[in-house]
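Secondary and tertiary structure notes
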Amino acid sequence: MPLLSAIDIVVRFGGLRALSDAYVNCEPGQVTGLIGPNGAGKTTLFNAITGLRPPNSGKVVFDGVDITNKTPYRRARLGIGRTFQKLEAFTSLSARNNVLVAAEARQAWDKSKFKPQEVTDQIMEAVGIGHIADQMVGTLPTGTARLVELARSLATNPKALLLDEPSSGLNAQETEAMAGLLRRLVGDGLAVLLVEHDMAFVMSTCEFIHVLEFGQVIATGTPSEIQRDKAVQAAYLGAVPEVEGVLS
Amino acid sequence: MKQAFANLSKGRAIAAAGVALAVVYVVTQNRSIAPFSATNIATFIVVGLSLGGIYAISACGLVVTYTTTGIFNFAHGAIGCFCAFAYWELKVNRDVPTPIALVLVIFVIAPLIGVILDKLLMQRLRQASLVVQLMVTVGLMLSFMGITLTIWKPDTGRALPHFFEGTKGVRIGDVTATWHRIITVVLALAIALLLRFILRATRTGIAMRAVVDNRALAGLNGVKPGVISGASWALGCMTAAIAGILIAPETGMVVDNLTLIIVIAFAAAAIGQLKSLPGAFIGGLIVGLAKAFSAQFVTFGANFAYAQEAIPAVILFIAVLFLPEARLATGTLRATRRYERLTSPKEALLGAFVIFALVTAWANGWIMWFGTNFGERSDVWLGRGAGFMILGLIMLSLIPLTGWAGQVSFANFAIAGFGAAMYSHVGGHKGEPWALLLVILICAPLGVAIAIPALRLKGLYLALATMAFAEFADKVLFRHPDIINGNATGTLYEPLRLFGFQMSSDPDDRKAFVIFLTIVFSILFFGLEMLRRTRWARRWIATADSPAAAATIGVNLTSSKIIVFAISGGMAGLAGALYGLNRGALSVDSFPMFAGLPLVLLLAVQGVRYPGAGFMAVLGLASFPALLEVTNHWAPLSSIELIGPGLAAITMAFRPEGAVFYAGRDLAGILPWRKDARAEKAAVDQKRRDGDIRLDEINDLGLSRDFTPDKVAQLDRVLNIADDVPVHTQPLREETSHAVAVGN
């Protein structure tokens, strides 16, 4: 049984169905990819899972518990962490305090003995942002601010981590470092759900991929299966001959 | 309407039922109901509809500006008031024929005010935080009130005649509907329909709605957002003017009364969920009919003599409960400084000592200021000093609430009033020091109780709910003899005795009282600086920066807000108890809603996030009587207590962080050990040299200017995009290349 599964999720914005019967499953120790063209509903699905936009129908099950009707902070306390595509850092706090807030919040439900300050320092080192600890997040370059967000969600010690385009704004070197970090986290048993546009990044890090188009899952499978999938090719490129026309 | 009920959560349903029960209680306890005769009912309907029509006009204008610009105009009533006085000046004082006067005010002065406000202020406010938006429009409200009071001094009586006064009107049975009233109803309907037509069917109106939905996209389609927001402000001000001119003959030419229409307009607009024109129109009629009904049929007993004036506030409070629960808001980018540096305990202690030393020296007359003989401070100024320090305590109570947690409350002055009243009951009448603690314990839950119904709502709705409470407290709570008995004899407060000193409003006790207040102020200042370093302050700030992100790291937003409301309420209550002691007596009208507004503004201008701003704001308060004294009560300064804070708050559109922040950043570099401050200053100067692009202009950049390579480079610097990471091109390129890879 997967750690996190969203089942038959429907989200409507007025008359528009942003998601119709979308689903996704996440296993611990795996990076699961969620890809699709712009506007396919990837972020909306994240919002349905984390409770920021409760689904109109469908079910979200985490760790054997139905969390469909739980508030966002309750879900976080059960072990779902996330980052945002459009940065949601605490811009008037320093990078370190961004992470510290999360570590301190964790004390409300995690009764194991830990010192928030120490946890914060460890995570910031691990993510590689120790050197900008005192800088205000609002003034950091986008890529670095994304790392702060990642560190912040790690500080809550999540079991599943939802990353919304973590590599956008990062240069090639930083992207490589991010991939390495993800592999390490997954090695420790974390389940990662990844929305990403950088296909090289997706294909090299994900064990399993869901493809979303117009709010529906059109394909699931391993990276190589997805690359061969006709529906996926059509979704990304339209009719194949057209692309050849563009390329020639 | 179905939507509105869907918004009502269980907690808020209980609150709504509670308010409704309280209303029923007040009515049944005190009413004597006039007979429901045909005459009475007809009068009720005629009066109610015409009042309601005026409210509807005002509310519709408010809704138009809010839906098309996203800025809620607290100055709506005050602008209408100013226009009503301008109309009086033309028509009555200068004998301009009525039609010309009307055209001048409604079609020239009012739209001009709107366009100027839009160009100078509102376009800058679009990207500002809610706190800044509220402060600027409330500042405008006080400024317009002050300007009106200065031009048209309240010492002469004025009256605006009804339209077609002296004509007979239309008789309906035994009741006469005057032409003024008939015109009002017809005009209200016409204006509502016209506004609806403009928004639905004209190009401008559709563009207006498009701009709200998506500015950039509307711009790409050829809409000029600047022109649109100007038109919308002009429309808003015109409706305000019409409502002001129509209501003035009913309420009399009194600035406070005319400005208070905003509470009614807020209530009507809230019934329309702040966005529906038909809803606001019906809302206006509901408020008008409710007021007329209670005037015609219900006579309140002595305990609730002013309850009728609180009807709009109660309706507003209930309507706010039905507003949609906010989805967890995402944050906006705020880049104020590069490094976070908190005041260290030593620095905070030093600051507290400086405040204590300054005020103590002043109270003893060691600081030469305003013709005091050395070593002696005049009783008048000592009394004022005590008053300002107490108001300073109320302002300190706002720092964690508004500055850190980002919650705008206009109720803290009312909570202080409640604290003052409670102190006289629980021990102040015997001079018991421990009663101060009791007052804190009473007022902390009160602060929470006011906020709870609105906790999950947008910040704006909370501000409206607190304003409604302040108005309700002034009109009902503080006028109930069990709370403040205006006719009671005997002393309310005995002098407070501590460590052998005696403190009260008595001239002999004043110096000790001022010094005691300063000690309290310094302790709270130090306490706040220390609180800022704790996890609680971090959590509040995080919650204000991005509620959505705070929730996804497991922060319980509701409980963390409740704590900050309790702290703020407790502090306000303590300040209130001391306020009562300083006044010596309380009258039923000691705590009007308007009196609390300048405090919020003065603090915000100084920097609502910084405890030091509390003391600077005290100096600001003291500067107004000082200015009057220096200028020998120069007539144009007569309303400086309103205009001063008002104009100061307006400057926040340009300097949103507050004076203490900018001064601190620029002056700290002088201190030899503050290398960080010098680096910070250098970075700011660099940014200023980098160009004139403001973050809020970026949206318009591609639409109104050419994209030269220079501009792009400048943009990159403003947005902090490094040269080697061309973020704006990367995703596209990557996506195509990998898509091709998928194709293979």
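Note on numbering: residues in each chain are counted from 1, in written sequence order. Written order decides the labels, with chains lettered from A and ligands numbered from 1. Totals for whole chains, interfaces and linings use all residues, but because this is a predicted model, local features are given only for residues with pLDDT of at least 70 and pairs of side-chain atoms are given and counted only at 80 or more.

1. Description of the overall build of chain A
To be explicit about the condition: Counting from the N terminus, the helices are DSSP H or I runs at least four residues long and the strands are E runs at least two residues long. Between the two quantities, the radius of gyration covers C-alpha atoms and the globule rule is 2.2 Å times the number of residues to the power 0.38. Counting other C-beta atoms within 10 Å of its own, a residue is labelled buried from 20 upward, exposed at 12 or fewer, and partly exposed in the gap between, with every C-beta atom placed from the backbone. In this description, any two residues whose backbone-derived C-beta atoms lie within 7 Å of each other are considered to be in contact.
Counting its secondary structure elements, chain A contains 10 helices and 10 strands. In terms of overall size, chain A behaves like a compact globule, its C-alpha atoms giving a radius of gyration of 18 Å where 248 residues would be expected to give roughly 18 Å. Dimensions of chain A, computed from the C-alpha atoms along their principal axes, are close to 55 × 45 × 35 Å. When burial is assessed residue by residue, chain A has 53% of its 248 residues classed as buried. The contacts of chain A with a sequence gap of at least 6 include a subset with a gap of at least 24, amounting to 66%.

2. What about the overall build of chain B?
Across its full length, chain B holds 31 helices and 4 strands. Relative to its full complement of 744 residues, chain B shows a buried share of 49%. Excluding contacts between residues fewer than 6 apart, the proportion of contacts in chain B whose partners are at least 24 apart in sequence is 78%.

3. Description of unusual backbone geometry
Residues and elements named next belong to chain A. One non-glycine residue with positive phi stands out, namely D21, at about 50°. Mapped onto the fold, D21 is located in strand β2 (residues 16-26). Look at D21 and you get partly exposed, because 14 C-beta atoms sit within 10 Å.

4. What about the environment of L642(B)?
All names here are of chain B. You can see L642 is positioned in helix α26 (residues 640-650). Residues L642 and L149, spaced 493 residues apart in sequence, show a C-alpha to C-alpha distance of 9.5 Å. When neighbours within four sequence positions are excluded, L642 is seen to be in contact with L142, M145, G146 and L149.

5. Observations regarding the packing of helix α24 (residues 593-607) of chain B against helix α25 (residues 611-630) of chain B
Each pair of packed helices can be summarised by the angle the axes make with each other and by the distance between the axes. All names here are of chain B. What counts is decided by this rule: Between the N-to-C directions of two axes lies an angle of 0 to 180 degrees, each axis being a line fitted to C-alpha atoms and, for a helix, fitted only over the stretch in contact. For this classification, under 35 degrees means roughly parallel, over 145 means roughly antiparallel, 65 to 115 means roughly perpendicular, and everything else is oblique. Should the near helix be turned counterclockwise from the far one by less than a right angle, the crossing is left-handed, whereas a clockwise turn marks it as right-handed. Put simply, Ala, Val, Leu, Ile, Met, Phe, Trp, Tyr, Cys and Pro go in the nonpolar bin, Asp, Glu, Lys and Arg in the charged bin, and everything else, Gly too, in the polar bin.
The contact between α24 and α25 brings their axes to 8 Å, and the two run at 125°. Taken as axis vectors, α24 and α25 run oblique relative to one another. Helix-helix and strand crossings are classified by hand; for α24 and α25 the assignment is right-handed. Only A613, G614, M616, A617, G620 and L621 of α25 make contact with α24, whose side of the interface consists of L602, L603, Q606 and G607. Broken down by class, the residue content of the contact of α24 with α25 amounts to 6 nonpolar, 4 polar and no charged.

6. Looking at the sheet that holds strand β3 (residues 31-35) of chain A
Residue and element names in this part refer to chain A. This is how the line gets drawn: Two strands qualify as a pair provided that DSSP identifies no fewer than 2 bridges between them.
Strand order in the open sheet made by the 6 strands is β6-β7-β8-β3-β9-β10, with mixed pairing throughout. Either end of the sheet is taken by a strand with one partner, and the two such strands are β6 (80-82) and β10 (216-221). With direction set aside, neighbouring strand axes in the sheet form an average angle of 20°. Note that β6 and strand β7 (residues 160-164) share 3 bridges and pair parallel. Bridged to I80 within β7 is A160. Strand contacts of helix α1 (residues 42-50): β3, β6, β7, β8 (191-195) and β9 (208-213), with the helix running at about 150° to β7, the strand carrying the most contacts.

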